[in-house]
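Geometric and topological summary
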Amino acid sequence: MTPNLLLINPWITDFAAYDLWSKPIGLLGLASLLRQNGVQVRFLDCLDVYHPAMSAAQGIRTPRRKPSGQGSYARQRIPKPSPLATIPRHYHRYGITPAIFSETLRSLERPDAVLMTSMMTYWYPAVYDTIAAVRQVHPGIPVVLGGNYVTLCPDHAAHSGADLCLPGPAEWSISRLLRTLFNFDLSFLPDPLDLDAFPYPAHDLLRRTDQIPLLTSRGCPYRCSYCASHLVSGPFRRRDPLRVVDEIAYWHRHLGARFFSFYDDALLAQPETLAIPLLRELIRRGLDVEFHCPNGLHLREITAETAQLLFRARFRTLRFGFETVDKERQRATGGKVRDEELLAAIAHLREAGYRQEEIGVYLLCGLPGQTDREVEQSIRFVRWAGGRPILAEYSPIPGTSLWESALTTSRYPIDQEPLFQNNSLLPCRDDSLSFERVQALKALCRLPLSEA
Ligand code: B12
Ligand code: SF4
C-alpha cells in the first residue's frame, strides 16, 4: 500500500529560544524524498510563526520577526520539568499552542503513520509532549522518531513514547521502515553519499518561506572534541557547487526567496572545491539574494580572495568559530584555528569591506576547566583583533571526545538526564564562571566596538 504520512516538527521547550534562521531542513529533505516516491506527505510545524490561528490565541505575544527570516517564536510559560525545579529561570514552550496543534491535526486527513524529528537533546520534553498530543487525536497510529536526540541519546529516547526510534540520517533507514510498516518499496533511493542525487528539501510545505536554509555538504573534515558533527552527519561529503547555485536560483524563481542561510558544518573547508566556485558563480549570476551564516565558519580559509568573494556575493551575516584564545586548549580541542589565523582573516575581511560588527566570532564559554579569565581574555582578543565576540555556552554532547571530561566536571548527572546538557545551565562551568560573571562577560561582548 502507498502510505499517507504526516511529518511533524515538534515544539521547543527551554529557558530561551530564538529563531536564528532555523528550519527543519532534515525533515523537509525526508518529505521530498518520500514525495519523489509517490508517498502522500503532510507537514505540521509546531514552530510555525505564521499560523493564522495564533493571532487570536489568548495571552500570546505576536513574534517579532526581522525581514531576513530570523526573530522570536511565540511562547507560553510552562512548569519546569522536575530535574530543573531549582533553576531560578522561567521555562517556556515555544511554538503554536497545544489547542491549535490539536485542531490543526484534526483538520488533516488521518495519516497512516507520523514521522517526527528532534533537534537538541535537551529539548526532549517537547518531543514527548508532541507525541502525547498526537496520541490523543490519533490513538493507534505508529509514531516514528528520528533526529539528533535519538542519535545522541538512543537509550533515553526509548522512553519517548514513540513506537520506533531511528537514529542516524533518515536516508539510511527510511527504506527499511516503509517496507516493515507498509510493505512499501521506495523506487527512488539515491546513494546517501551522493548529495547531488537527492531532491531539494520540500520548502513549499512551510507556510511562509521567509528564508531558505541550504546545505552544500554533510559532516566536517575536522574532529573538534566538543562537537558531534561526525556522530550526527556521518563522513564529510559535499555537493557540486554549481548545483547549489542552481538550487538557489530555483527557490528565488519559484518561491521568490531572497534570503538564504547556510547550515553547513564546513562551508569554507577546502575552498577551491566548493566555496570559491560557488561564490564566483553567485556573483556571475547576479541574483537579487543575500546570505546568512549563523553556524560557525572556518577562519583559516579566509584569504584575500575568499573574503572578497563573500562580500561581493552578498554574504551578510558571518559567524566564525574561534572558541578560545588559550593556545593549549586550541590544540587540545582539535586545532581548527590559531590566533594568527584570526588576525589574518579579520584583516582580509576588513579589506574586503566588512565592518567590525559584521564579523561575528563565536567563543565557547563553560568548557571543562575553563576559567572566567580565559573567556575574558578571548573576548578582549577578538575585540582588539577587529571582530565582534559572541559567547556560545558549551553544551556537553554524549559520544564526543570531550564527554568524559564533561562528565567529571559537570555539576549535574548529564549522562542520566539530557536536560542537564542544556547550554543555558553551563553544566561544566568552573567556579570562577558564576552566572553573574557570565552576564558581565556578555556585557563586555556588547560594549560598542571601537569604530562603531
Ligand atoms: C545549523 C545548526 C544550528 C543552527 C539552527 C539549525 C536549525 N535547524 O534550527 C543554529 C546556528 C541557530 C544553531 C544553534 C545552536 N546549536 Co546547532 N547545529 C546546527 C547543525 C550544524 C546542523 C543542523 C542541521 O540542520 N543539519 C542538517 C539536517 C539535514 O540534519 P538533521 O535535521 O539532523 O536531519 C537528519 C537526521 O537527524 C535524520 N532525521 C531528522 N529527522 C528525522 C526524522 C525521522 C523520522 C528519521 C527516520 C530521521 C530523521 O535525517 C536527516 C537527514 O539525514 C548541527 C550539527 C549537525 N551537523 O547536524 C548543530 C547542532 C545540532 N547544534 C548544537 C548546538 C550545541 C547548538 C547551540 C546550543 C550552540 C550554542 N552553544 O549556542 C545553539 C542552540 C540553538 C537554540 N537554542 O536555539 C549541537 C547539539 C547539541 C545537543 N545537545 O543536542 C549540534 C549537534 C552541533 C554540535 N555542537 O555538535 N545550530
Ligand atoms: S570544525 Fe566545527 S563542525 Fe567541524 S568538528 Fe570542529 S566544531 Fe565541529
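Up top is the structure these notes are about.
Residues numbered from 1 in each chain as written. Chains lettered and ligands numbered in written order. Predicted model: local features only at pLDDT ≥ 70, side-chain atom pairs only at ≥ 80, totals over all residues. Heavy atoms only, no water.

**Brief notes about the site of ligand 2**
Selection criterion: Here a residue is considered near a molecule or strand provided that any single heavy atom belonging to it is located within 4 Å of it. In this classification, Asp, Glu, Lys and Arg are treated as charged, Ala, Val, Leu, Ile, Met, Phe, Trp, Tyr, Cys and Pro as nonpolar, and every other residue, Gly included, as polar.
As a matter of local geometry, ligand 2 sits amid Cys220, Tyr222, Arg223, Cys224, Tyr226, Cys227, Asp265, His298 and Lys336. Residues of the shell around ligand 2, tallied by class, amount to five nonpolar, one polar and three charged.

**A few points about helix H12 (residues 339–352)**
Put simply, the test is: The numbering of helices and of strands both runs from the N terminus, where a helix is a DSSP run of H or I of at least 4 residues and a strand a run of E of at least 2. Between the first and last residue of a helix there are one fewer steps than residues, each counted as 1.5 Å, and that sum is the expected span. Think of it in three bands: with a 1.4 Å probe and only protein chains considered, a residue is buried below 20% of the maximum accessible area for its type, exposed above 50%, and partly exposed in between. Think of it as the arc spanned by the lines of direction from the helix axis to the C-beta atoms. Should any heavy atoms of two residues lie within 4.5 Å, those residues are counted as being in contact.
Under the 1.5 Å per step criterion, the end-to-end length of H12 is 20 Å for 14 residues, consistent within 8% with the ideal 20 Å. Three or more residues of H12 are buried, namely Asp339, Glu341, Leu342, Ala345, Ile346, Leu349 and Ala352. For H12, the buried positions fall inside an angular range of 155 degrees around the axis, keeping them on one side. In the core, the buried residues of H12 are packed alongside helix H10 (304–312), strand S14 (315–323), helix H11 (327–332), strand S15 (359–365) and helix H13 (372–385). Glycine 353 sits one or two residues past H12 and shows a positive phi near 125 degrees.

**A word on the sheet that holds strand S5 (residues 92–94)**
For clarity, the threshold we go by: The criterion for strand pairing is that DSSP finds at least two bridges linking the strands in question. In this analysis, axes come from line fits to C-alpha atoms, helices being fitted only over the stretch in contact, and the angle between any two N-to-C directions falls in the range 0 to 180 degrees.
The three strands are arranged S2-S5-S4 in an open sheet whose pairing can be described as antiparallel. Looking at strand neighbours, the two that pair on one side only are strand S2 (12–14) and strand S4 (75–77), the edges of this open sheet. Each adjacent strand pair in this sheet contributes to an overall mean axis angle of 25 degrees, direction not counted. Strand direction decides the pairing type here: S2 and S5, joined by three bridges, are antiparallel. The partner of aspartate 14 across the bridge, within S5, is histidine 92.

**Examining the pattern of salt bridges**
Rules: By definition here, a salt bridge exists when the distance from a side-chain nitrogen of Lys or Arg to a carboxyl oxygen of Asp or Glu is within 4 Å.
Counted by the stated rule, this structure contains 32 salt bridges. A salt bridge links aspartate 204 to arginine 35; its shortest N-O distance comes to 2.8 Å. One end of the pair, aspartate 204, is in the loop between helix H6 (174–182) and strand S9 (212–214); the other, arginine 35, is in helix H1 (residues 25–36), with 169 residues separating them in the sequence. Overall, aspartate 204 belongs to the partly exposed group, its relative accessible area being 41%. In this structure, arginine 437 engages aspartate 372 in a salt bridge whose closest nitrogen and oxygen atoms are separated by 2.6 Å. Note that arginine 437 is positioned in helix H15 (residues 435–446) and aspartate 372 in helix H13, a separation of 65 residues in sequence. For arginine 437, a relative accessible area of 22% gives the class partly exposed. Residue classification places aspartate 372 among the buried residues on the basis of a relative accessible area of 16%. Each of Asp19, Lys23, Arg65 and Asp210 takes part in salt bridges that share partners, so that together they form one network.

**So, helix H9 (residues 275–285)**
Buried within H9 are the following residues: Ala275, Ile276, Leu278, Leu279, Glu281 and Leu282. Summarising the contacts, the buried residues of H9 are in contact with helix H8 (241–255), strand S12 (259–262), strand S13 (290–297), H10 and S14. One or two steps after H9, the chain reaches glycine 286, where phi turns positive at roughly 60 degrees.

**As for the site of ligand 1**
Condition: The definition of a polar contact used here is a pair of N or O atoms within 3.5 Å, where within protein one atom must be able to donate a hydrogen and the other to accept one, and adjacent residues in sequence count solely through side-chain atom pairs.
Surveying the vicinity of ligand 1 reveals 37 residues, the closest of which are Thr117, Ala170, Ala228, Asp265 and Glu393. A distance of 3.0 Å separates an oxygen atom of ligand 1 from a polar atom in the side chain of serine 22. Note that a nitrogen atom of ligand 1 is positioned 3.0 Å from one of the backbone N or O atoms of lysine 23. Secondary structure elements with two or more residues in the shell around ligand 1: H1, strand S6 (113–116), strand S7 (143–146), helix H7 (229–233), S13 and strand S16 (388–393).

**A closer look at the packing of aromatic side chains**
Put simply, the test is: Two rings belonging to Phe, Tyr or Trp (six-membered ring only in the last case) form a pair when the distance between their centres is within 6.5 Å. Interplanar angles under 30 degrees mark stacking, angles over 60 mark edge-to-face geometry, and anything in between is tilted.
Enumeration over the complete set of coordinates arrives at 18 aromatic pairs. A centroid spacing of 6.3 Å and a plane angle of 55 degrees characterise the contact between tyrosine 128 and tyrosine 149, whose relative ring orientation is tilted. With a gap of 21 residues between them, tyrosine 128 in helix H3 (residues 124–137) and tyrosine 149 in helix H4 (residues 148–152) connect regions that are remote in the sequence. Aromatic pair tyrosine 200 and tryptophan 251: ring centres 6.0 Å apart, planes at 50 degrees, arrangement tilted. Of this pair, tyrosine 200 sits in the loop between H6 and S9 while tryptophan 251 sits in helix H8, and the two are 51 residues apart along the sequence.

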